[in-house]
Amino acid sequence: MSDYLSHLNPSQLKAVKQTKGPVMVIAGAGSGKTRVLTYRIVHLLKQGVDPFNILSLTFTNKAAKEMKERIEKIVGLEAKNIWMGTFHSVFAKILRYEADKLGYPSNFTIYDSDDSKALLRRIIKEMNLDTDIYKVNIVQSRISSFKNNLITVKAYTNNAELKTQDDAAHRPQMGMIYEKYVKECFKSAAMDFDDLLLKTNELLFRHPDVLHKYQHRFHYVLVDEYQDTNHSQYLIVKALASLNENICVVGDDAQSIYSFRGANIRNILNFKKDYSDAKVIKLEQNYRSTQNIVNAANSVISNNKDQLDKKVWTSNQLGELIKVNRSTTDSEEAVSVASSIQETKLREQALSQDFAILYRTNAQSRTMEEALRKRNIPYRIYGGLSFYQRKEIKDMMAYFRMASNLRDEEALRRIINYPKRGIGNSSIDRMTLAASEQQKTLWAIVGDIKNDSVGLNSGSATKVDNFATLIKSFQMMVAEKDAFEVATYIAKQSGILREMQVDKTPEGISRFENLQELLNGIQDFVNQENEKPEEERNTSLSYYLEDIALLTDAEKADEDDGDHVSLMTIHQSKGLEFPYVYVVGLEENLFPSQMSLTARVDLEEERRLFYVALTRAEKRATLSYALTRYRWGNLIDCEPSRFIEEINEKYLDINFINVKSSPRNAGNRNFGSNYKTKVPSRYNTSKKKEAPKQDSAPRFIPKNLKKINPNIQARNYKEQTYSTGMKVEHDRFGVGVICKLDGSGANKKISVNFTDVGEKTLLAKFAKLNILK
DNA sequence: GGAGGCCTCGGAAGG
DNA sequence: CGAGGCCTCC
């Protein structure tokens, strides 16, 4: 496959061939971003670059996997040697290799966010702090943001501003919690997700030799979704690339929707400042959506101030207008979506999988689900608990973690009395106290309970000792047996399997099946390892844990569960595309979210989220809102989202509204009595908003639009004047000539003689004819 | 030590 | 409204 370059348009080609020096690729929605990244790597390999010298970073395992597969398809097994993976997995690998330099064992545990939450909860409790003020979620995200900005405990202590912020928020003990949290993690030989990046920075900046080594290893660095990088990731990338400066970042500032988890849109906006000789290549041709969708999306995003200049366009067909639907209640909204799906399936011979329903919050899925179920439309709700977050899996994994790292205190606490073995809270509290007094790990006390430094009664001590003996036997086995043998042994000996088998409720059976699934997965892992050459082979349970610690999602995607409508949050839909997309709940305080209304940057992010939602659609986008909605059990009144108003009206089809006879003046559209035409000025912070509306669309449309009949482009919901003899076009019936007009107003009828289907009589208000001449 | 009732609180979610 | 943490009572 040597003609791979011929599949690219000029900008894509440029992005692929510009392999030297810093390059930023701004990839508009649907512009073939993955194709460029893939081919760029293929191109490097074809030029003779050693795969070991290429570092390619993504945010999700899925993205990494897909890219690897695509490259492998073209260049073969050579692709396996590329350093390709998520930030976290690549740097976890490096950290394990260099762990001793940071005082960690190489088999350190990775705490997921539940583990860190549990630890924080314990710390806050131990410090006797008010849990209403020191809420775990707040503390956790605060510490996360410290770490993502490289603010260590020491740096925090020296930072008066942060201290002042926390004092002002009535959380003066934040620094102390942070300190204890970091110490506990270290004591447990554990790193949380943020540590994987923070410690990598530490490693690279404190050990110039290590930095030097990896700078020389990675001749070429590629970063996908650069707009999603946080400061910590930014610094790592910068450090690694600073020697060769062969760095290529790909992203779209307009799709930056993750600031709430630390992503810093400045990284992409400032790339040119960081690398003065950077080449910026824009992929502006959209291959996914119709012109109406692309133009509507452009008109919305132009309301944002913080953005890189680009003009997304498409040569696809004009397509349908964006539909806007209003319902009285949220359940009516769901019914109207479901019936529209059903109708479209029949009329356009579409499959269920051609449809997606996108919403701002997960809570909105329920009404949608009910409506779909009533009509027997198959659907799948994405999101929710992933496989590895299930209790039964986490319990089992906690045993594995203990067997591999005895210092893992969160795992120990999770299983010391599960299944029930009579070790209660008072025993655990006593041992915890002893551990802290003697400056030992909790396991050191548990594993040596017979030496009686704790003062448990003999019955409790025996129970603890039996537990310790059990864990020790697991640990010994890890060194000798393969992961599957150890895992099945643990499942039986720990009593978990027995516990599962007894429970015959549907939930219990499902838990048992999940456990089986986990064991099957471990068997697969062992089999795969056994296929490798002996020197690369590692079938141990510890290695299995390393392998899957960062897999937060079970690979259920390929477990194709057939033709279904997809229900998901807009965040989850990023990167996906569907012929028909329904964006529901377009209401003020829901979308945009109420929490985004106080700051311009937050509102802009909501707008980007809306942009992402719109640009998922290939053929048709339908927006909807309800006038009332149940929220936390209460019925509340809603107003349509400002985002609907921000779309240039000529791309909208809101013909369902009882249009009053009064003429609408431009820029002051009337969506019905409940529509708020004026947004409160304090929200109206974007300067660009004042620009005349009609500008936003054509400005973004390049030459090729001229091929399109301007009359078609001008089509909108406004009443059109028809006369006999006019040549018109209908979506379904094709081209024809008007032969008769009847009635007036709402009852106005038009008879058209269509070339293909003969004469048809249509109601003018529903006909939506394009006047051709 | 465990079950069940009370209370609180609610955003989006990658690794 | 519903999930999950916490507390009380047995």
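Basis of the calculations
Residues numbered from 1 in each chain as written. Chains lettered and ligands numbered in written order. Predicted model: local features only at pLDDT ≥ 70, side-chain atom pairs only at ≥ 80, totals over all residues. Heavy atoms only, no water. Helix = DSSP H or I, 4+ residues; strand = E, 2+ residues; numbered from the N terminus. Contact = heavy atoms within 4.5 Å. Areas by Shrake-Rupley, 256 points an atom, 1.4 Å probe, with all protein chains shown as cover. Near = heavy atom within 4 Å. Polar contact = N/O pair within 3.5 Å; in protein donor to acceptor, adjacent residues only side chain to side chain. Nonpolar A, V, L, I, M, F, W, Y, C, P; charged D, E, K, R; others polar. Core = buried A, V, L, I, M, F, W, Y, C linked by side-chain atoms within 4.5 Å. Buried < 20%, exposed > 50% of the residue type's maximum accessible area, 1.4 Å probe, protein only. Pairing = 2+ DSSP bridges. Axes fitted to C-alpha atoms, helices over the stretch in contact; angles between N-to-C directions. Phe/Tyr/Trp six-rings, centres within 6.5 Å; stacked < 30°, edge-to-face > 60°. pLDDT = per-residue confidence, 0-100. Arc of directions from axis to C-beta. Left-handed = near helix turned anticlockwise from the far one by under 90°. Salt bridge = Lys/Arg side-chain N within 4 Å of Asp/Glu carboxyl O.

Q: What is the right way to read the overall build of chain A from this model?
A: Scanning chain A from N- to C-terminus turns up 32 helices and 21 strands. Sequence-distant contacts in chain A: of pairs separated by 6 or more residues, those separated by 24 or more amount to 74%. Of the roughly 36000 Å² of accessible surface on chain A, a fraction of 49% belongs to carbon and sulfur atoms.

Q: How should I be thinking about the protein's contact with DNA strand B in this particular structure?
A: The local shell around DNA strand B holds 29 residues, among which Arg360, Lys420, Gly424, Thr552 and Thr569 are the closest. At the protein interface, 41% of the atoms of DNA strand B within 4 Å belong to sugar or phosphate. With respect to DNA strand B, the side chain of arginine 261 contributes an N or O atom lying 3.1 Å from a sugar or linking oxygen. Between a phosphate oxygen of DNA strand B and a main-chain N or O atom of asparagine 362, the distance comes to 2.9 Å. Listing elements by their share of the surface near DNA strand B, those giving two or more residues are helix H10 (193-206) and helix H27 (570-573). Split into classes, the residues belonging to the surface near DNA strand B amount to 8 nonpolar, 15 polar and 6 charged.

Q: How should I be thinking about the nonpolar core in this particular structure?
A: Taken as a class, soluble globular proteins show a tendency for nonpolar side chains to be buried jointly. Membership of the largest hydrophobic core comes to 55 residues, with the highest contact counts inside it found for Phe400, Met431, Val446 and Leu518. In terms of residue count, the dominant contributor to this core is helix H22 (residues 458-480) (9 residues). Every residue in contact with leucine 518, bar those within four places of it in the chain, is listed here: Phe387, Tyr388, Ile393, Met396, Met397, Phe400 and Tyr544. Core analysis: the next-biggest nonpolar cluster, separate from the first, contains 45 residues, Ala99, Tyr226, Leu269 and Leu550 among them.

Q: I would appreciate a short explanation of the sheet that holds strand E6 (residues 220-223) in the present structure.
A: On the basis of which strands lie adjacent, the open sheet formed by 6 strands has the order E3-E2-E6-E7-E1-E8 and parallel pairing. At either margin of the open sheet sits one strand with a lone partner, and together these are strand E3 (83-86) and strand E8 (279-283). Adjacent strand axes in the sheet meet at a mean angle of 15° when their direction is disregarded. With 4 bridges joining them, strand E2 (residues 54-58) and E3 adopt parallel strand pairing. Bridge pairing in E3 places leucine 55 opposite tryptophan 83. Sheet contacts for helix H1 (residues 10-17): strand E1 (23-27) and E8; angle to E8, the most-contacted strand, approximately 145°.

Q: Sorry, what's going on with the packing of aromatic side chains here?
A: Centre-to-centre distance and the angle between the planes together describe a pair of aromatic rings. All told, the structure shown has 22 aromatic pairs when counted by the stated rule. Aromatic side chains tyrosine 104 and phenylalanine 186 sit 5.0 Å apart centroid to centroid with 90° between the ring planes, which places their arrangement in the edge-to-face category. Residue tyrosine 104 is located in the loop between helix H4 (87-98) and strand E4 (109-111), and its partner phenylalanine 186 is located in helix H9 (residues 174-187); the two are separated by 82 residues in the primary sequence. On the basis of an interplanar angle of 50° and a centroid distance of 5.0 Å, the ring pair of phenylalanine 146 and tyrosine 156 is categorised as tilted.

Q: Help me out: how do you make sense of the environment of lysine 14 in this one?
A: Relative to the helices and strands, lysine 14 is located in helix H1. Here lysine 14 falls in the partly exposed class, since its relative accessible area comes to 48%. Spatially, the C-alpha atom of lysine 14 lies 7.5 Å from that of isoleucine 281, the residues being 267 residues apart in sequence.

Q: It is not clear to me how the confidence of the model for chain A should be interpreted in this structure. Could you clarify?
A: Any region with low pLDDT has predicted coordinates that should not be read closely. Across chain A, the average pLDDT comes to 85, with 86% of residues at 70 or higher. This model gives residues 657-719 a pLDDT under 50, and the stretch forms 107 contacts once residues within four places in sequence are excluded.

Q: Any chance you could explain the side chain of threonine 615 here in plain terms?
A: When you line up the elements, threonine 615 lands in the loop between helix H28 (600-614) and strand E14 (617-631). Of the polar contacts made by the side chain of threonine 615, one reaches the backbone oxygen of valine 612; its length is 3.1 Å.

Q: Would you mind going over the protein's contact with DNA strand C with me for this structure?
A: In the neighbourhood of DNA strand C, the contacting residues comprise Arg121, Arg366, Trp632 and Gly633. For DNA strand C, the fraction of protein-proximal atoms (within 4 Å) that sit in sugar or phosphate groups is 40%. Looking at the surface near DNA strand C residue by residue, the class counts come to 1 nonpolar, 1 polar and 2 charged.

Q: Where do I start with helix H26 (residues 541-548) in this structure?
A: In an α-helix, one turn spans 3.6 residues; hence positions three or four apart end up facing the same way. Residues Leu541, Ser542, Tyr544, Leu545 and Ile548 constitute the buried set of H26. Along the axis of H26, the buried residues cluster in a sector spanning 160°; they form a single face. Contact partners of the buried residues in H26: helix H18 (391-404), H22, helix H23 (483-493) and helix H25 (506-530).

Q: Can you help me understand unusual backbone geometry in this one?
A: Most peptide bonds are trans, and most residues other than glycine sit at a negative phi. Backbone torsion omega between tyrosine 418 and proline 419 reads -10°, so that peptide bond is classified as cis. The topology assignment puts proline 419 in the loop between helix H19 (409-415) and helix H20 (425-437). Residues phenylalanine 591 and proline 592 are joined by a peptide bond in cis, for which omega reads 10°. Looking at the element boundaries, proline 592 is found in the loop between strand E13 (578-583) and H28. Located in the positive-phi region is alanine 189, a residue other than glycine, with phi close to 50°. Checked against the element boundaries, alanine 189 lands in the loop between H9 and strand E5 (190-192). Looking at alanine 189, the relative accessible area reads 0%, which means it is buried. Phi at glutamine 349 is positive, roughly 50°, even though this residue is not glycine. You can see glutamine 349 is positioned in the loop between helix H16 (330-348) and strand E10 (355-359). Residue glutamine 349 is classed as exposed on the basis of its relative accessible area, which comes to 67%.

Q: I'm lost on the packing of H10 against helix H12 (residues 231-241) in this one. Help?
A: Helix packing geometry: the angle between the two helix axes and the distance between the axes. At a minimum axis distance of 9 Å, the contact between H10 and H12 shows a crossing angle of 35°. Note that H10 runs across H12; the crossing there is left-handed. For the pair H10 and H12, contact is made by Leu197, Leu198, Thr200, Asn201, Leu204 and Phe205 and by Ser232, Gln233, Leu235, Ile236, Ala239 and Leu240, respectively. Of the residues contributing to the contact of H10 with H12, the split by class is 8 nonpolar, 4 polar and no charged.

Q: Explanation requested: the pairing of strand E12 (residues 565-569) in the structure shown.
A: The side chains of a regular strand alternate, first on one face of the sheet and then on the other. When you tally the buried positions in E12, you get 5 out of 5 residues, the bulk of the element. Side-chain alternation along E12 places Val565, Leu567 and Thr569 on one buried face and Ser566 and Met568 on a second face that is also buried. Across 4 bridges, E10 lies against E12 in parallel orientation. Residue pairing in the sheet places isoleucine 357 in a bridge with leucine 567 of E12. Across 3 bridges, the pairing between strand E11 (residues 379-381) and E12 is parallel. When the sheet's bridge partners are listed, isoleucine 381 is paired in E12 with leucine 567.

Q: Before we go on, may I ask you to explain helix H8 (residues 160-168) in this structure?
A: Here H8 starts with a cap whose side-chain oxygen sits 3.1 Å from the backbone nitrogen of glutamate 161, and that cap is asparagine 159. Two residues or fewer past H8, histidine 170 is found with a positive phi of approximately 60°.

Q: I'm lost on the environment of valine 335 in this one. Help?
A: Its place among the elements puts valine 335 in helix H16. With 239 residues separating them in the primary sequence, valine 335 and arginine 96 have C-alpha atoms 53 Å apart. Ignoring anything within four residues of it in the chain, the contact list for valine 335 reads Ala371 and Arg375.

Q: Would you take a moment to explain the pattern of salt bridges for this structure?
A: A side chain of one charge can pair with a side chain of the opposite charge when the charged atoms of the two come close. According to the stated counting rule, one finds 49 salt bridges in the structure shown. For arginine 347, the salt bridge goes to glutamate 343, with nearest N and O atoms at 2.8 Å. Pair noted here: arginine 347 and glutamate 343 are both in helix H16, with a separation of 4 residues, about one helical turn. We classify arginine 347 as partly exposed; its relative accessible area is 39%.

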